[in-house]
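Spelled out from the first residue to the last, the chains are:
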Amino acid sequence: MIPAAFDYEVADSAAHAVELLSRGGDEAKLLAGGHSLIPMMRYRLATPSVLVDVGRLDDLRYIERRNGAVAVGALTRHSELEHSGVLAEHCPLLAAVAAEVGDPAVRHRGTLGGTLAHADPASDLPAAVLALGGTLVARGPGGDREIAAADFFTGWFESALAPDEMLVEVRVPASTGGWNYQKFNRRAQDWAIVGVAVADGGSGVALVNMGSTPIRAAAVEQALADGATAADAAALAAEGLDPPADLNADADFRRHLARVLTRRALTAAGVP
Amino acid sequence: MTATATAEAEAPAPTAKATHFGSRRLRREDPALLTGEARFVDDLHLPGALWLGVVRSTEAHAVIHGIDTDAALRIEGVTEVLTGADLAPLWGGAALPCAWPVTDDMHNPPHLPVAVGEAKYAGDAVAVVLATSRYAAADGAAAVAVDYEPKPAAIDLASAAEPDSPLVHESLGTNASYTWELTPDPDAVEKAFAEAEHVIEERFIQQRLIPAAMEPRGVAAVPSPAGGELTLYSATQIPHILKVMTAVTLGIGENKLRVVAPAVGGGFGSKLNVYAEEIICSALALRKGVPVRWTESRSEAALATIQGRGQVQDIALAADADGRVKAVKARLLADMGAYLQLVTPGIPLLGAFLYHGCYDIGHYSFVCTGVFTNKTPTDAYRGAGRPEATYAIERAMDSLAAATGLTPEEVRARNFISADAFPYTSCAGLIFDSGDYHAVLDRAMALADLDARRADQARRRAEQNPRQLGIGFSSYVEMCGLAPSRVLASLNYGAGGWEAATVRVLPTAKVQVVTGATPHGQGHETAWSMIVADRLGIDPDDVEVLHSDTAVSPTGMDTYGSRSLAVGGTAIYMATERVLDKARVIAAHRLEASPEDLEYVDGSFRVRGTPASSVAFGEIAFAAFTAHDLPDGVEPNLEAHATYDPPNFTFPNGTHVATVEVDTETGAVEVVDYAAVDDCGRQVNPLIVEGQIHGGILQGAAQALYEDAVYTDDGQLATASLVDYLVPSAAEAPRYRLDSHVSPSPTNPMGVKGIGEAGTIAATPAVINAIVDALRPLGVTDVEMPASPQTVWRAIETARGRGGAS
């Protein structure tokens, strides 16, 4: 439970962080809230040689309306999402999902950018941003680029971010149509065994912990678009998926949960 | 909680005027714990200390061909790397102690603090690192390269008991450590089964549990090079036992050894042991002449601290047509792990006398075989043997109810030992002290609002609601107050079961109490001060309670088995009585009266019938100090010592009723209500009692729903972190509703029994019985522990003939 030795740098701006990352190479890691990275370091599952602390970049903590969308700074804490008036009005799903992450201590440290960049398929917020059809803004040595959420998650704990890039902003469309998040776990603070995020009356449906990345339930979305009922569409939730097996659930049980939870989420979102 | 006294008549009242006894006094221990002022082993500031890092086997069973220390020695701060062979001379080949050879022919292979030549479980210590910081120690331990040749391992308990299993200790030729039997009348048992109308046969699996005390273990051994003394700080429940065992194991004079248990953050039995790290740190500190310390990490604790439970239980009931049980047979396989720790083999036997539960059954047979496996050793875990026994009988009683068509409460009521039968000699040979099990059951049903819940259940069943309701009963009796020394002798235990106390009145009438019962979170200081304050007619805040340091409290048998109040508290009570007796003699001298003519009222002795003629306790305390005018032959002090060896166990009992909601679509279980009625005899502090019951119930429910030390087929612990090992949090705690019944124990003067383990003992079967009750209409008759959503869902699918595939 004691991490391997590492160097520690404090970034005073996003540009500074990118510069420190470039200098650190593949062995450098950004430290934001630290609630995923530090436990992995304590188990020596992650052994970065340099930690670049971006946790003090308060200019990247904001939630604001912009051009019909909601822009969220990457260092915004989950608790800030949870209690945001802007999100309550314009994107309640994101606030509700943030309220389901971990426990209050985690939510006061963890950041939206951190959880997206960590790309854990069992995390809640990546699926929410995916269901919402969000856009992620990465800053690198060459400036900013936009990455669609659908293109961002590339594998287990892997994203489209280059080693010298940092997430600086997340944009989600204003979304107040029927929404719901179903999180299934055994203890209140645990990761989801399976989770289902429904945005805009079912036009966006994303699954948590059903594969190596958060996954759009494309078959469900298509069936709904074709006029299927919630129950009929939900029956397709696990179609084509090869979910992981662990102590909590084997693949069959995960598929079953995905179907049940999708039905419940769609029904709660007002899908007939 | 409404503490309703229903049988107060028999035992003497604890004091003529009990101001504090029975009151909900806040715990004096809490401010220091809540503000961080309490000092744990890891908080000790020890300049110049070397940190120990332990290299642990990554294999369940392997020959060690070589240990390469070069890389570790190159790490800055690492001063030394020592293998088991290097260290063997330090303990002269002596093994870690097992104090409970339960049979004369028990196999107890030598258990070295650091293994030599072969590792027997994943987590077995194979080398140690000394370093100048904890960080260097961790880096050093990670850098030691061990060349293992894996061997076949015995992992699954039932398989390990088969003749073709790989052997943990080849030289024994078997994995069986011992077989212990208690069958007073074999022919009568067989006859009862032959004549039975209903025979219930069940197999239950007690999964292994990781104790997960909030504070992992820690050790700091501090030598005094000039005098050869050693002070051993340890996060232990048993400083007194540890002192004797460390002295014997290392061959050092007991007079040169002091053991201190500073603030200790829980134990649940896991710190009732003598561990390798305690011996290693002590030996190395003496050799190096500097302090040597070690703090266990959470994931290390999962491997290196004992685990609990781990049994395969076969139980059979023989009952007549009316559901009256005539005989019980229990056959156990008990998982010892790779070695026998301090009381490993005895743990199942603490339940050996209780597989008939609260029932008056006639004939009894119990057989237990202890089995070695290539896993972390097992030992005491909250309840220790009694939760396992209660689980088996209470699950089987529900099966009997189903077989006879009786309700769970009716089948229990028909079989209970009746209130007028106490003191009751059980079929297993114990004498149960007191109780009224029928009254407790009735109160539990009322508290649980049973009729309304059954109506809700029927409604949900009729409407085929996916969320079904289940109501589960668990009636228990346990043996506490460990233990009468002569009974321990009959069980081959290596020590007595008494407890020691000193009550010392200081010149200013403040009081020091010294107890040998070593608290680690229970609230002994608060409870002991209340007992003494009541007897002496003083304020509890004027009573200081000293403990947990063998220099301050040289004698004691420490804290486990719900023994502290019934044994240690009784010793406090007796010592206080002796102080009062001496004070009475001094008072009589000052009042020029006969001691027999004095009465002690409101902190003063006065001559009966002449209230004006009195002398206050404070005056007597000062008189004993000045010694200017004491009666002839009276020594100048006001203190007394008492050592109490209980004549019998105490027998707390109760009935718990759990109500669960089962989501039949997902298998999720929620405990929506939990009603518990417990009889722990008289209660010194109901606030502390409730706290013990709350925590105990959650810990018992955790075995039913969450916790499981999962091993892979090749012997790797798959749940070595609190991400995978599901200790519940406050968010998972059910809504507790408690009530109590008070049948004072006639065994001790205060009429107390013990409450430390009751919740844990009762809750596990209550929760599982509730789940099965919810699902019985679907055809489910058993659910394995822990009843995870997947396990429950699959049980439903299997009962529906679908097998749970999709």
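Note that this is a predicted model, so its numbers are computed, not measured.

Cut-offs and rules
Sequence positions are assigned chain by chain, starting from 1 and proceeding in written order. To label them, take the chains in the order written and letter them from A, then take the ligands in the order written and number them from 1. Local features are withheld for residues below a pLDDT of 70 in this predicted model, meaning they are given only at 70 or higher, and side-chain atom pairs are given and counted only at 80 or more; totals for whole chains, interfaces and linings count all residues. The side-chain figures draw on all heavy atoms in the structure; neither hydrogens nor water molecules are used. Here a strand is any run of E in DSSP of at least two residues, a helix any run of H or I of at least four, and the numbering for each starts at the N terminus. Any pair of residues with heavy atoms lying within 4.5 Å of one another is described as a contacting pair. Polar contacts, as counted here, are pairs of nitrogen or oxygen atoms within 3.5 Å of one another; within protein the pair requires one atom able to donate a hydrogen and one able to accept it, and residues that are adjacent in sequence qualify only if both atoms are side-chain atoms. Salt bridge criterion: a side-chain nitrogen from Lys or Arg within 4 Å of a carboxyl oxygen from Asp or Glu. The cut-offs for exposure are 20% and 50% of the maximum accessible area for each residue type, with area from a 1.4 Å probe on protein chains only; residues under the lower value are buried, those over the upper are exposed, and the others partly exposed. One requirement defines pairing of two strands: DSSP has to find at least two bridges between them. Lines fitted to the C-alpha atoms define the axes, with helices restricted to the stretch that makes contact. Angles between their N-to-C directions range from 0 to 180 degrees. A helix is expected to reach a length of 1.5 Å times the quantity of its residues less one. Residue ranges for the domains originate in an automatic or database domain assignment. Two parts lose some accessible area (1.4 Å probe) when they are put together, and adding that loss for both gives the buried area. Residues were grouped as follows: Ala, Val, Leu, Ile, Met, Phe, Trp, Tyr, Cys and Pro as nonpolar; Asp, Glu, Lys and Arg as charged; and all remaining residues, including Gly, as polar.

Visitor: How should I be thinking about the environment of Arg737(B) in this particular structure?
Guide: Residues and elements named next belong to chain B. Topologically, Arg 737 is positioned in strand 29 (residues 736-742). For Arg 737 and Leu 209, which are 528 residues apart along the polypeptide, the C-alpha to C-alpha distance reads 26 Å. Every residue in contact with Arg 737, bar those within four places of it in the chain, is listed here: Leu 447, Ala 448, Arg 453, Asp 673, Tyr 674, Ala 675 and Ala 676. Looking at Arg 737, its side chain comes within polar contact range of the side chain of Asp 673, at 2.9 Å.

Visitor: Looking at this structure, how should I read the pattern of salt bridges?
Guide: Note on pairing: side chains with opposite charge can pair once their charged atoms come close. Counted by the stated rule, this structure contains 66 salt bridges over all chains. For the salt bridge of Arg66(A) with Glu169(A), the shortest nitrogen-to-oxygen distance reads 2.8 Å. Residue Arg66(A) is found in strand 4 (residues 63-66), and its partner Glu169(A) is found in strand 10 (residues 166-173); the two are separated by 103 residues along the sequence. A residue is classified by how much of its surface remains accessible, and Glu169(A), at 6% relative accessible area, is buried. Asp782(B) is paired through a salt bridge with Arg395(B); the nearest N and O atoms lie 3.0 Å apart. Residue Asp782(B) is located in the loop between helix 19 (758-775) and helix 20 (789-799), and its partner Arg395(B) is located in helix 10 (residues 386-404); the two are separated by 387 residues in the primary sequence. Judged by relative accessible area, Arg395(B) falls into the buried class, the value being 3%. Salt bridges here are not isolated pairs; linked through shared partners, they connect Glu64(A), Arg66(A), Glu146(A), Glu169(A) and Arg171(A).

Visitor: Please clarify how the sheet that holds strand 24 (residues 604-607) of chain B should be interpreted in this entry.
Guide: What links the strands of a sheet is backbone hydrogen bonding, and the strands pair in either a parallel or an antiparallel sense. Residues and elements named next belong to chain B. The strand order across the open sheet built from 3 strands is 23-24-25, with neighbouring strands paired in antiparallel fashion. Only two strands of the sheet have a single neighbouring strand rather than two, namely strand 23 (598-601) and strand 25 (610-616). With direction set aside, neighbouring strand axes in the sheet form an average angle of 35°. As paired elements, strand 23 and strand 24 share 4 bridges and run antiparallel to each other. Within the sheet, the bridge partner assigned to Leu 598 lies in strand 24 and is Val 607. Across the sheet, helix 17 (residues 617-626) is in contact with strand 23, strand 24 and strand 25; its angle to strand 25 comes to roughly 45°.

Visitor: Teacher, can you tell me more about the sheet that holds strand 10 (residues 218-224) of chain B here?
Guide: All names here are of chain B. Pairing in this open sheet of 7 strands is mixed, and the strands run 4-6-2-13-10-11-12 from one edge to the other. Either end of the sheet is taken by a strand with one partner, and the two such strands are strand 4 (78-83) and strand 12 (257-260). Ignoring which end each strand starts from, the neighbouring axes of this sheet average 20° apart. Sheet analysis places strand 11 (residues 229-234) next to strand 12, joined by 4 bridges and oriented parallel. Paired with Leu 232 across the two strands is Val 259, which belongs to strand 12. Seen against the sheet, helix 7 (residues 239-250) touches strand 11 and strand 12 and runs at an angle of roughly 145° to strand 12. Against the sheet, helix 8 (residues 276-288) makes contact with strand 2 (50-56), strand 4, strand 6 (125-131), strand 10, strand 11 and strand 13 (292-295), and its axis sits at roughly 25° relative to strand 10, the strand it touches most.

Visitor: In this structure, what is going on with helix 15 (residues 524-536) of chain B? I would like to understand it.
Guide: Because each turn of an α-helix spans 3.6 residues, side chains separated by three or four positions in sequence point in the same direction. Residues and elements named next belong to chain B. Compared with the 18 Å implied by 1.5 Å per residue over 13 residues, the 18 Å span of helix 15 between its first and last C-alpha is a close match. With respect to burial, helix 15 is a largely interior element, 12 of its 13 residues being buried. All buried positions along helix 15 are accounted for by His 524, Thr 526, Ala 527, Trp 528, Ser 529, Met 530, Ile 531, Val 532, Ala 533, Asp 534, Arg 535 and Leu 536. At its buried positions, helix 15 is contacted by strand 21 (511-515), strand 22 (543-546), helix 16 (564-591), strand 23, helix 17 and helix 18 (686-705). Backbone geometry just after helix 15 places Gly 537 at a positive phi near 70°.

Visitor: Would you take a moment to explain the domain arrangement of chain B for this structure?
Guide: By a frequent convention, interface size equals the accessible area lost on bringing the separate parts together. All names here are of chain B. Examined at the domain level, chain B breaks down into domain 1 (41-151 + 216-264 + 271-304), domain 2 (308-482 + 648-799) and domain 3 (498-644). Taking the mean C-alpha position of each, domain 1 and domain 3 sit 41 Å from one another. Across the contact, 13 residues belong to domain 1 and 16 residues belong to domain 3. Both sides together, the interface formed by domain 1 and domain 3 hides about 1100 Å², and carbon and sulfur atoms give 55% of it.

Visitor: Just checking my understanding: could you explain the environment of Met336(B) for this structure?
Guide: Residue and element names in this part refer to chain B. Among the structural elements, Met 336 can be located in strand 15 (residues 325-337). You can call Met 336 buried: its relative accessible area is 1%. Taking C-alpha positions, Met 336 is 8.4 Å from Lys 375, a pair spaced 39 residues apart along the chain. Those residues in contact with Met 336, other than ones at most four positions away along the chain, are Ser 177, Tyr 178, Arg 208, Thr 344, Pro 345, Pro 348, Gly 370, Val 371, Phe 372, Pro 377 and Thr 378.

Visitor: Please explain the domain arrangement of chain A as it appears in this structure.
Guide: Residues and elements named next belong to chain A. Partitioning chain A into domains gives domain 1 (7-53), domain 2 (58-173) and domain 3 (180-268). Between the C-alpha centres of domain 1 and domain 2 the distance comes to 18 Å. Every contact between the two is made by 12 residues of domain 1 and, on the other side, 17 residues of domain 2. Together domain 1 and domain 2 conceal approximately 1100 Å² of surface at their shared face, both sides included; 74% is due to carbon and sulfur atoms. Three residues stand out in domain 1 for area buried against domain 2, namely Ala 14, Val 18 and His 35, and they jointly supply 38% of the buried area on that side. Where domain 1 touches domain 2, the interface holds 0 residue pairs in polar contact (both at pLDDT 80 or more). With 5 residues, helix 1 (residues 14-24) is the largest single contributor of residues to the side of domain 1 that touches domain 2. Taken together, the residues of the side of domain 1 that touches domain 2 break down into 7 nonpolar, 4 polar and 1 charged.

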